[in-house]
Structures are given as C-alpha cells and as structure tokens.
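Spelled out, the chains give:
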Amino acid sequence: MDRKNSVLLERFETFAEKLKEECKIDEISDPTSLTQNEVITVGRIWCDSEGKLNPESVLLETLPYFGGNWIKLSLNELLTFSLFPGQILGVQGSNKIFNVYDMNKILEAEFIVTKIFEMPLLPMYRTPTNEIIDHNKNLNGKPLSIVIATGPYTLETGFEYEPLRELIKKMAQEKPDILILMGPFVDEDHPMIQNGEVSNTPGELFKKFITLPLAAFIKSSPKTKIIMIPSTKDICHEYLSFPQPPLDKAGLPKEVTCLCNPVQFRVNEILFAVSNVDLLFHLSRDETERVPGGTDRMSRMVHHILTQRHLYPLFPPAIGEVNMDLKHSLSLELKNTPDILILPSKLKYFAKIVDRVVCINPGYLCKSHASGTYAKMTIHPLSQKLVQGTDTENLAYQRTRVDIIKI
C-alpha cells in the first residue's frame, strides 16, 4: 500500500473508531449484507460519478474489515441531511436487497438510511486560571485588537499594491495589537504574471511590495505583532502543495512571525485555527443537502469542518485548486475546537458564531478590479467573575466583536 492510501486509511479507521466510541455505537455492521432489522455502520461518503454529488449519487465506502466496498445510500427516509465527498459518519438503516459488489462495478443495492450519526465536537481549550489572570493583568482591562487581511493585495490592472498600502496606512494610525496577513502575497493568478508582463522575479516583487512596507510600518508601530501565513497561490513560496510550511523569513523584519498553512496557534488564552485555501467554496460546491427551513449554507460548512475535526475534510480535494500533500496531513487535524476559526474565501465575507466558535471569512483585500475587505476583531478580557477553578473555558464567542471593513 502506498503512503497516500495508508494515510487515508489510517484517518478513516481512527475516525470511525472514535465515532463508534463517542456516539456509543455498540456494534458496527456491514451495510452490504442482507438485513431485515436496522443496523448501524460507519463509512465514508463518495460520489458514484465524476459529476457533483446529489441525493441519487451518494455512495458509502465500508471499513476495510468489511472489504472496503461501496454501497449506494438511499436518503428518501431522511427529513434532513447535508453530505459531501470524504465525510466520515455513521448511518443507521437496512439493506434488504442481497447483492455483493466490488469497488470496480456499478452498485445497485441500496442501504436505506433512517438516521445519521455525526462526530461530536472536540472539547474547547481550557486555559489554566493563573494564565488568564496574567493575560488580563497585561491587558490592563483593555481589549485585544486583531486585524485580519487576505490577499491578493494588488489590483489586476497593475502591480502597485494600492490596497495593501492603504491597509498599512490605516494600521499605522490604529496600531492594532496583532496584524494577521494571509497570502497570496505574489499571486500566481494575476493577469500580468499569467501573460508574462512582469520583469521582476517573485522574490523582488515580495521585497519591494511586502517586506519594505512592513519594515516601515513596524518602525511607526513597534508594538504591533505581525503574523504571515502563505497561500498555495503564492509564487514567492517554493511549496505550493497543501499543507504548506511557513514562508521563508529571510529578509523579513525580525518582528514578523511566519506560520504554516493551515495553522493552529494561541494568542494569550485564545485558540485560533486558520486554513488559507478556499475550503468554504469547495465544500459548498460539492455538498448535497436537504435542509428545509434549516441552517444557512455557511453555518453548515463550518459545522462540517468542526465535526469532522479537520481543516480540509473534502476528499478528493478540489481538482486543479488544491494539491494535497497527504504526507503532512496530520497538521490538518484539529487538536481542540478552536475559539476563532478563520476561513478566507471568495464567497461573501461574514462573521458569525457557529457551535460557540467565532467564524470569520474576512474576504479578499482585492477582488479583480476593485478593493475588497478585511476583518477587525476586538476581544475583551474575560470577566473576573468567570475565572474559577484550576482552568477556565475561554468563552471567546461571548466577548468578541468582529467588524468587516471595506478598504
């Protein structure tokens, strides 16, 4: 078995075992076997063709010890569902048509689903109480100010980086505590790069339009911490696969922190998770659902990410848009349910609370020929009344304000 398949198999088996344990499923059955009574099984969702997943094309991949075969799911008995390729879940139902199929044949037998089991959320990070007291003391009662921006940073009509210059000008006035900048910093999709109209190298462009302006900004706002996260569209980064290591820090001011993509990190007690590929667009494009009067689409996509405990649960990944490096896929696994989840997307910007998580799509700083948006977060200190025991829940969703601002 090659490395790619072994990684996929390991996640499938491990997640299935956790789902069985956390959903208190007594026995996992083989859905391809004839059953008169309802049984419960765990599997992974696939599409039976190369087209978009729809209610008539949903397959379930069985666990390896059931042969790893696929069986079609009948969803007619369900009032509501939301499914996408790669999703691992439990299903309850029956297969009353006896047929055995292998993975290379068209499947006709159906497992009639009456109930879906999804994985519960991971616990949220709880901070040692003494740490929270220290953080509050350092803030001196003031809120934490964080600005989040995602590239592209220059309009398609030229290479002057006007929106980034405007953002840095604003930040020099506002002096946030933290400025999070996400790529692409030198975008491979820029028309002038696509057409070979740029004489400078990606490194020269990065130095001129990113490094030097940031160095000047740091001089005017030395207390602002800058975090940079790459994009798979960054031609100034030698790694275009996903997950990505950090940008090369050579030449950047020492005050800049370069992180990988995706990344999970803490600012004081607050746990952040960031995935800088357009996961929201990819998931929403491949989802099939029946949600009469239910949640909005973006809330569903965020909920999938949190319950799948993964920063890119879609599989296969978006063709031509994500070059998945499964050797480093462990960095995609959520360690805890984050307090703040940042998911930049071409879809409309938003900030909302889903499952007690503050979820943000800041939008792009540039969209084609027009300037775009960025996000500004204000996180107030945790009330002293809530700091109890040896550790404390962060409750970031109760004390965070997010503004989406047009540049």
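Scope of this entry: the structure provided in the associated data block. (Residues numbered from 1 in each chain as written. Predicted model: local features only at pLDDT ≥ 70, side-chain atom pairs only at ≥ 80, totals over all residues. Heavy atoms only, no water.)

So, on to the overall build of the protein chain. Counting its regular elements, the protein chain contains 7 helices and 22 strands. Against the globule reference of 22 Å for 407 residues, the protein chain gives a C-alpha radius of gyration of 23 Å, in line with a compact fold. Considering the protein chain as a whole, with its 407 residues, one finds that 55% of them fall into the buried category. Relative to all contacts within the protein chain whose residues are 6 or more apart in sequence, the contacts with residues 24 or more apart total 71%. On the protein chain, the mean spot of the 45 positive side-chain charges and the mean spot of the 50 negative ones are 8 Å from each other. (Helix = DSSP H or I, 4+ residues; strand = E, 2+ residues; numbered from the N terminus. Rg over C-alpha atoms; globule rule 2.2 N^0.38 Å. Buried < 20%, exposed > 50% of the residue type's maximum accessible area, 1.4 Å probe, protein only. Contact = heavy atoms within 4.5 Å. Lys, Arg positive; Asp, Glu negative; His and termini not counted. Charge placed at Lys NZ, Arg CZ, Asp CG, Glu CD.)

What follows deals with unusual backbone geometry. A cis geometry characterises the amide bond from Gly 183 onward to Pro 184, with omega recorded as 10°. Geometrically, the link from Phe 242 to Pro 243 is a cis peptide bond, its omega value of 5° lying close to zero. Turning to its location among the elements, Pro 243 is positioned in the loop between β10 (225-229) and β11 (256-258). Even without a glycine there, the phi angle at Asp 355 is positive, about 55°. In this fold, Asp 355 is placed in the loop between β16 (350-354) and β17 (357-361). One non-glycine residue with positive phi stands out, namely Leu 395, at about 50°. One can find Leu 395 in the loop between β21 (391-393) and β22 (400-406). With a relative accessible area of 14%, Leu 395 lands in the buried category.

With that settled, the discussion passes to the pairing of β16. Of the strand pairs in this sheet, β16 and β17 are connected by 5 bridges, and their pairing is antiparallel. Of the residues in β17, the one forming a bridge with Lys 352 is Cys 359. Linkage of β16 to β17, two consecutive antiparallel strands, is achieved through a turn of 2 residues, within which Asp 355 is found at a positive phi near 55°. (Pairing = 2+ DSSP bridges.)

On to the sheet that holds β17, then. The 5 strands are arranged β12-β13-β15-β17-β16 in an open sheet whose pairing can be described as mixed. Strands at the two margins of the open sheet, each flanked by one partner only, are β12 (263-267) and β16. Taken over all neighbouring pairs, the strand axes of this sheet differ in orientation by 20° on average, direction set aside. (Axes fitted to C-alpha atoms, helices over the stretch in contact; angles between N-to-C directions.)

Inspection of the secondary structure puts Asn 261 in the loop between β11 and β12. From its side chain, Asn 261 meets the backbone oxygen of Pro 230 in a polar contact 3.4 Å long. Asn 261 has contacts with Ile 229, Pro 230, Ser 231, Thr 232, Phe 242, Pro 243, Gln 244, Ser 275, Asn 276 and Val 277, leaving out every residue within four places of it along the chain. (Polar contact = N/O pair within 3.5 Å; in protein donor to acceptor, adjacent residues only side chain to side chain.)

The subject of this paragraph is the pattern of salt bridges. The full count for this structure, using the stated rule, is 15 salt bridges. Where Asp 391 meets Arg 126, a salt bridge forms, and the shortest distance between an N and an O atom there is 2.8 Å. Here Arg 126 lies in strand β7 (residues 126-128) and Asp 391 lies in strand β21, a separation of 265 residues in the sequence. On the accessibility criterion, Arg 126 (41% relative accessible area) is partly exposed. One salt bridge in this structure joins Lys 233 and Asp 189, with 2.9 Å as the shortest N-O distance. Taken together, the residues Lys 233 in the loop between β10 and β11 and Asp 189 in the loop between β9 (178-182) and α4 (191-194) connect sequence positions 44 residues apart. (Salt bridge = Lys/Arg side-chain N within 4 Å of Asp/Glu carboxyl O.)

To continue, consider the nonpolar core. In terms of nonpolar packing, the biggest core is built from 36 residues, with Leu 280, Val 302, Tyr 312 and Leu 341 touching the most fellow members. When residues of this core are traced back to their parent elements, those giving at least two are α1 (3-22), α6 (279-286), α7 (297-308), β16 and β17. Among the elements that line this core, the one with the most residues is α7, at 5 residues. Dropping the residues within four chain positions of it, Val 302 is found in contact with Leu 280, Leu 341, Leu 343, Val 354 and Cys 359. Of all hydrophobic cores here, the second largest spans 30 residues; its members include Leu 139, Val 274, Met 377 and Val 387. (Core = buried A, V, L, I, M, F, W, Y, C linked by side-chain atoms within 4.5 Å.)

Here we come to the pairing of strand β2 (residues 58-61). Burial of β2 is two-sided: the residues Val 58 and Leu 60 facing one way and the residues Leu 59 and Glu 61 facing the other way are all buried. Bridge count between strand β1 (residues 39-47) and β2: 4 bridges; the pairing is antiparallel. Bridging from a neighbouring strand, Arg 44 pairs with Glu 61 of β2. Where β2 meets strand β3 (residues 70-74), 3 bridges bridge the pair, whose relative direction is antiparallel. Paired with Glu 61 across the bridge in β3 is Trp 70.

Everything listed here is a matter of geometry and, on its own, says nothing about what the molecule does.
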